[in-house]
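For reference, the chains in residue letters:
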Amino acid sequence: MKNILITGGAGFIGSNLTKNLLADPGIRVTIVDNFDDYYHPEYKRKNISGLLRNNNLRLVEADIRCIEEAEIELKDNYDTVIHLAAKVSVRPSIVYPAVYEDVNVTGTQKILDFAVKRKIPSFVFASSSSVYGVNPDVPWKEGANLVPISPYASTKLAGEQLGHLASQFHSIKFVALRFFTVYGPAQRPDLAIHKFFRAILDNKPITVFGNGNTMRDYTYVGDIVQGIEAAMHYDKSNFEIFNLGNHVPVKLIELIALIEEVCGKKANIEYLPEQPGEVPQTYADISKAENLLGYHPATDLKTGLHKFYKWLKVQDETVSV
């Protein structure tokens with residue numbers, strides 16, 4: 001029996017990953033989640049409510065910054081830590097940088113300390129494409145010059161660096177995965193695709209910051225899960241960084257047009273000035289992940305939007321917030 005510890009496992013990516021892992025009867029998953037109220041915790045509880053009936057899943061409600069207080073509950077010998085828990089989003093990090101530093105840097109160090117103490121051999125860390133900052137040399141390769149332009153991005157880069165130190169001093173295998181604009185079922189309600197669908201369906205205006213020409217490498221959550229699972233088994237080195245993207249940047253205005261097509265309704269767009277901390281484009285070079293992880297994103301944006309829309313319609317019937 002493989003034992004996997006997932007921090008933030010009730011969230012968007014974590015719940016999709018947990019569901020996929022539990023399809024294998026030879027895997028036991030422990031979720032650590034504090035159900036942070038950045039968005040309504042009921043979404044996260046709904047994400048895992050059906051999964052909790054599986055005897056191979058345990059939920060430990062705890063804050064990663066106080067992980068030592070939950071050690072009695074975290075009694076298994078874990079094979080891998082998948083560290084997804086974090087304070088998320090660029091814009092609020094500009095307002096509350098100290099909170100982001102505390103959770104994303106101190107919290108990551110606490111989880112690394114726990115892994116070292118418990119001799120957990122493998123650690124997979126959720127980093128972010130935001131670490132690249134404003135870099136016109138696209139597609140971005142993992143070895144590119146990194147100039148983060150938000151506190152959130154800086155905390156993710158710090159997490160990678162802490163992992164590098166742990167791999168050097170404690171021989172833990174640390175794999176950092178730079179996620180590129182993940183979307184799909186269970187997506188957080190504050191993210192653009194979720195907000196846009198909701199606004200169009202409710203006949204409310206969509207807010208677009210800038211002229212709509214910013215570009216993002218939208219990546220379906222099922223493809224991200226496939227990349228995370230491959231990273232769990234990576235054994236070629238003790239420290240590695242991989243981009244997990246779709247390698248297909250799309251303009252924001254083109255995304256909205258696709259959502260309109262999926263919904264069968266037109267959007268009412270309100271344009272506002274660009275926001276600080278946001279980059280004009282993201283574009284992943286995924287050749288390293290393809291070659292070393294066997295990572296191959298298989299879901300195009302239109303197909304992924306249809307899958308999200310199907311989930312959203314069920315969500316509306318089952319969650320009241």
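Our subject is the structure listed above.
All residue numbers here refer to positions counted from 1 along the written sequence of the relevant chain. Only residues with pLDDT of at least 70 get local features here, since the model is predicted, and only at 80 or more are side-chain atom pairs given and counted; chain-wide, interface and lining totals rely on the full set of residues. The side-chain numbers reported here are obtained from all heavy atoms of the structure, hydrogens and water having been left aside.

Undergrad: Tell me what's going on with the packing of helix α1 (residues 12-22) against helix α7 (residues 221-232), and back it up with residues and numbers.
TA: The axes used here are C-alpha line fits, helices contributing only the stretch in contact, and every angle between their N-to-C directions lies in the interval 0 to 180 degrees. A run of H or I in DSSP counts as a helix once it spans at least four residues, and a run of E counts as a strand once it spans at least two, with each numbered from the N terminus. With their axes 10 Å apart at the nearest point, α1 and α7 run at an angle of 65° to one another. Here α1 lies roughly perpendicular to α7, going by the angle between them. Here the hand of the crossing between α1 and α7 comes out right-handed. Residue-level inspection shows F12, I13, N16, L17, N20 and L21 of α1 in contact with α7, the latter providing V221, I224, V225, I228, E229 and M232. Comment on the angle field: the value is read as roughly parallel under 35 degrees, roughly antiparallel over 145, roughly perpendicular from 65 to 115, and oblique elsewhere. A crossing counts as left-handed when the near helix is turned anticlockwise from the far one by less than a right angle, and as right-handed when that turn is clockwise. Here, two residues are considered to be in contact whenever any of their heavy atoms come within 4.5 Å of each other.

Undergrad: Run through the pairing of strand β4 (residues 80-83), naming residues and quoting values.
TA: When accessible area is computed with a 1.4 Å probe and restricted to protein chains, residues below 20% of their type maximum are described as buried, those above 50% as exposed, and intermediate ones as partly exposed. Of the two faces of β4, the one lined by T80 and I82 and the one lined by V81 and H83 are each fully buried. DSSP bridges decide pairing: two strands pair if at least two such bridges lie between them. The sheet contact formed by strand β1 (residues 2-7) and β4 spans four bridges and is parallel. When the bridges of β4 are listed, I6 appears paired with I82. Across four bridges, β4 lies against strand β5 (residues 122-128) in parallel orientation. Bridge pairing in β5 links H83 to F125.

Undergrad: Please provide a residue-by-residue account of the sheet that holds strand β3 (residues 57-61), values included.
TA: One key point about sheets: their strands pair by backbone hydrogen bonds, in either a parallel or an antiparallel sense. Reading across the sheet, the seven strands line up as β3-β2-β1-β4-β5-β6-β11 and stay open at both edges, with parallel pairing between neighbours. Of all strands in the sheet, those with a lone pairing partner are β3 and β11 (239-244), marking the two edges. Each strand of the sheet is rotated relative to its neighbour by a mean of 20°, with strand direction disregarded. As judged from the five bridges shared by strand β2 (residues 27-33) and β3, these two strands associate in the parallel manner. Considered in β3, the bridge of V29 is made with L57.

Undergrad: Describe the layout of surface pockets, and please don't skip the residues or the numbers.
TA: Taking a probe equal in size to a water molecule and rolling it over the atoms shows the remaining empty space. Cavity means a closed set of points on a 1 Å grid over the protein atoms alone, one where a 1.4 Å probe fits but cannot get out, pocket means an open set with protein on both sides within 12 Å along at least 5 of 7 lines, and lining means a residue has an atom within 4 Å of a point. Grid points are joined across faces, edges and corners, and a volume is the space filled by probe spheres set on the points. Taken as a whole, the second largest pocket spans an internal volume of roughly 360 Å³. K19, K46, N47, A186 and W311 are the residues nearest the centre of the second largest pocket, which is lined by 14 residues in total. Elements that contribute at least two residues to the lining of the second largest pocket include exactly α1, α2 (41-49) and α10 (301-318). If one sorts the elements of the lining of the second largest pocket by residue count, α10 sits on top with four residues. Residues are grouped as follows: Ala, Val, Leu, Ile, Met, Phe, Trp, Tyr, Cys and Pro are nonpolar; Asp, Glu, Lys and Arg are charged; all remaining types, including Gly, are polar. Of the residues assigned to the lining of the second largest pocket, the class counts are five nonpolar, seven polar and two charged.

Undergrad: Break down unusual backbone geometry for me, citing the residues and quoting the values.
TA: Omega for the peptide link from V138 to P139 comes to -5°, which places this bond in the cis form. Its location among the elements puts P139 in the loop between β5 and α5 (151-170). Positioned with a positive phi, S89 is a non-glycine residue whose angle comes to about 90°. Along the chain, the position of S89 falls in the loop between β4 and α3 (90-95). Phi at S171 takes a positive value of approximately 60°, unusual for a residue other than glycine. With respect to the element layout, S171 can be found in the loop between α5 and β6 (173-179).

Undergrad: Which residues make up the packing of helix α4 (residues 97-117) against α5, and what values do they have?
TA: Close contact between α4 and α5 brings their axes to 9 Å; oriented N to C, the two are set at 20°. On the basis of their axis angle, the class for α4 and α5 is roughly parallel. Read as a crossing pair, α4 and α5 show a hand that is right-handed. Where α4 approaches α5, its residues P97, Y100, E101, N104, V105, T108, Q109, L112 and V116 are matched on the opposing element by P151, Y152, T155, A158, G159, L162, G163, A166 and H170. Here the contact of α4 with α5 is composed, by residue class, of 10 nonpolar, seven polar and one charged.

Undergrad: With reference to specific residues and values, describe empty space enclosed by the protein.
TA: Across all of its chains, the model carries one cavity of 30 Å³ or more by this definition. In this structure, the largest cavity occupies an estimated 30 Å³ of space. In terms of lining residues, the largest cavity is bounded by Y39, Y43, N47, A186, Q187, R188, P189, W311 and Q315. Taken together, the elements giving at least two residues each to the lining of the largest cavity come down to α2 and α10. Here the lining of the largest cavity is composed, by residue class, of five nonpolar, three polar and one charged.

Undergrad: Go over the packing of aromatic side chains, please, and point to the residues and values.
TA: Each Phe, Tyr or Trp ring, with Trp reduced to its six-membered ring, pairs with another whose centre is within 6.5 Å; inter-plane angles below 30 degrees give stacked pairs, above 60 give edge-to-face pairs, and intermediate values give tilted ones. As enumerated under the stated definition, the model contains 13 aromatic pairs in all. Where W140 meets F180, the ring centres are 6.2 Å apart and the plane angle is 45°; that geometry is what we call tilted. In this pair, W140 is assigned in the loop between β5 and α5 and F180 in the loop between β6 and β7 (182-183), connecting sequence segments 40 residues apart. With a relative accessible area of 1%, W140 lands in the buried category. Relative accessible area serves as the criterion here: at 0%, F180 is assigned to the buried category.

By themselves, these are just geometric observations and shouldn't be taken as functional.
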